[in-house]
Amino acid sequence: INFGNRAANFVLGGFPQTLDTEIRQNIYRVGLNYRIGGNGAYAPMAPANWAGLYLGANFGSAAGRNESSLAVLGTNEQFTLAPEGKIGGVQAGYNWQAANWVFGLEADIQGSTQKDNRTCVVNCQGAGGTFANYEAKLPWFGTVRGRLGYSVGPTLLYATGGYAYGSIKTNIDSAFLNGPVTSRFSETKGGWTVGAGIETPATLFSFFGPNWTSKSEYLYVDLGSTSGIIADPGGPAISTTNVTQHIFRSGLNYHFNSPVVAKY
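Since we're looking at a predicted model, the values are computed, not measured.

### Remarks on the overall build of the chain
1) Next: Along its length, the chain carries 0 helices and 13 strands.
2) Next: Beginning at the N terminus, the succession of helices and strands in the chain can be written as β-β-β-β-β-β-β-β-β-β-β-β-β.
3) Next: Expressed as a percentage of its 264 residues, the buried residues of the chain come to 40%.
4) Next: For the chain, long-range pairs separated by at least 24 residues make up 67% of all intrachain contacts whose partners lie at least 6 apart in sequence.
5) Next: Carbon and sulfur atoms provide 60% of the accessible area of the chain, an area that totals close to 14300 Å².

See below:
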């Protein structure tokens, strides 16, 4: 959802400032529907066979909400970096099954176009020039997770969580007192992830055989905090960012074991 921009003017340290905010939301929701006039008869189905090895690929989008700060000359500017973009990658996993319960392990690696190059802080339109113009990127990341699910007929509902890791890149162009400086920070960080999803046989237009499934899932990823020092001629500044992501993706899996169809 995009609500457009909102601008506000104020004075900080005797200098006029303009705060410009892009107001957007990413919403992921799960719900129930009641079918008026539908057939109320329900016939329970035997659980599908999910056990064994599978490989697949996925595509989706990711939105970062990175609470950040810039400490300089006794002040501490607080703001949020929001790198957004498309993601795509591959996954592999193995499932075990006991009746309707399915538990397993899955690992994935993702390429990402996430970037925020619209954030500027401290006197961005003042006579002293742009002090800190940010470009935040997360070019790749991956996860290693456990999965716990319950098979309702041919559909698997699951929760997932585990280890996450990724590359964090931050470029800051600053101009303060004695001239422009470009600072570049790059770090590979580890953290954690948690989420949920749904997986079901891929029957779209009969293009896929019984060994194929489609899945959609949401993941929350926290890669912890990263920081860097801007060695500006006017005095050092410390930039700190807490890196978090909201990931929405769908994909296909190929199961090497028995076909994922209801077993009786």
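### Regarding the side chain of Thr226
1) Next: Tracing the sequence through the fold places Thr226 in strand β12 (residues 212-230).
2) Next: Among the polar contacts made by the side chain of Thr226, one reaches the side chain of Glu187 at a distance of 2.6 Å.
3) Next: The residues touching Thr226, leaving out its near neighbours within four places in the chain, are Ile168, Glu187, Ser239, Thr240, Thr241 and Val243.

### Things to note about the pairing of strand β13 (residues 237-255)
1) Next: Sheet topology note: the strand β3 (residues 52-64)/β13 ladder contains 11 bridges and is antiparallel. Opposite Phe59, over in β13, you have Ser250 as the bridge partner.
2) Next: Pairing analysis gives 4 bridges linking strand β4 (residues 66-72) to β13, with the strands arranged antiparallel. Bridge pairing in β13 places Ser68 opposite Thr241.
3) Next: Here β12 runs beside β13; their pairing, made up of 17 bridges, is antiparallel. Bridge assignment links Thr213 to a residue of β13, and that residue is Asn253.

### Details of the nonpolar core
1) Next: Ranked by internal contacts, the top residues of the largest apolar core, which has 13 residues, are Leu70, Ala132 and Tyr134.
2) Next: Of all the elements in the fold, those that place two or more residues in this core are β4, β5 (75-81) and β9 (132-152).
3) Next: The element that contributes the greatest number of residues to this core is β9, accounting for 3 residues.
4) Next: Those residues in contact with Ala132 that lie beyond four places of it in its chain are Leu70, Thr119, Cys120, Val121, Ile172, Asp173 and Ser174.
5) Next: If you look at the next biggest cluster of nonpolar residues, it comprises 11 residues, including Ile87, Leu219, Leu223 and Ile247.

### Quick word on the packing of aromatic side chains
1) Next: This model, assessed by the stated rule, comprises 10 aromatic pairs.
2) Next: Geometrically, the ring pair formed by Tyr94 and Trp96 is tilted, given 4.9 Å between the ring centres and 55° between the ring planes.
3) Next: We classify Tyr94 as partly exposed; its relative accessible area is 37%.
4) Next: Under the relative-accessibility criterion, Trp96 is labelled partly exposed at 41%.
5) Next: Taking 5.2 Å as the distance between ring centres and 85° as the angle between the ring planes, the aromatic pair formed by Tyr254 and Phe256 counts as edge-to-face.
6) Next: For Tyr254, a relative accessible area of 30% translates into the label partly exposed.
7) Next: One aromatic cluster is present, formed by Tyr94, Trp96 and Phe103 through successive ring pairs.
8) Next: Here Arg147 stacks its cationic end above the ring of Tyr158, 4.4 Å away from the centre of that ring.

Criteria and cut-off values
Residues numbered from 1 in each chain as written. Predicted model: local features only at pLDDT ≥ 70, side-chain atom pairs only at ≥ 80, totals over all residues. Heavy atoms only, no water. Helix = DSSP H or I, 4+ residues; strand = E, 2+ residues; numbered from the N terminus. Buried < 20%, exposed > 50% of the residue type's maximum accessible area, 1.4 Å probe, protein only. Contact = heavy atoms within 4.5 Å. Areas by Shrake-Rupley, 256 points an atom, 1.4 Å probe, with all protein chains shown as cover. Polar contact = N/O pair within 3.5 Å; in protein donor to acceptor, adjacent residues only side chain to side chain. Pairing = 2+ DSSP bridges. Core = buried A, V, L, I, M, F, W, Y, C linked by side-chain atoms within 4.5 Å. Phe/Tyr/Trp six-rings, centres within 6.5 Å; stacked < 30°, edge-to-face > 60°. Lys NZ or Arg CZ within 6 Å of the ring centre and 35° of its normal.

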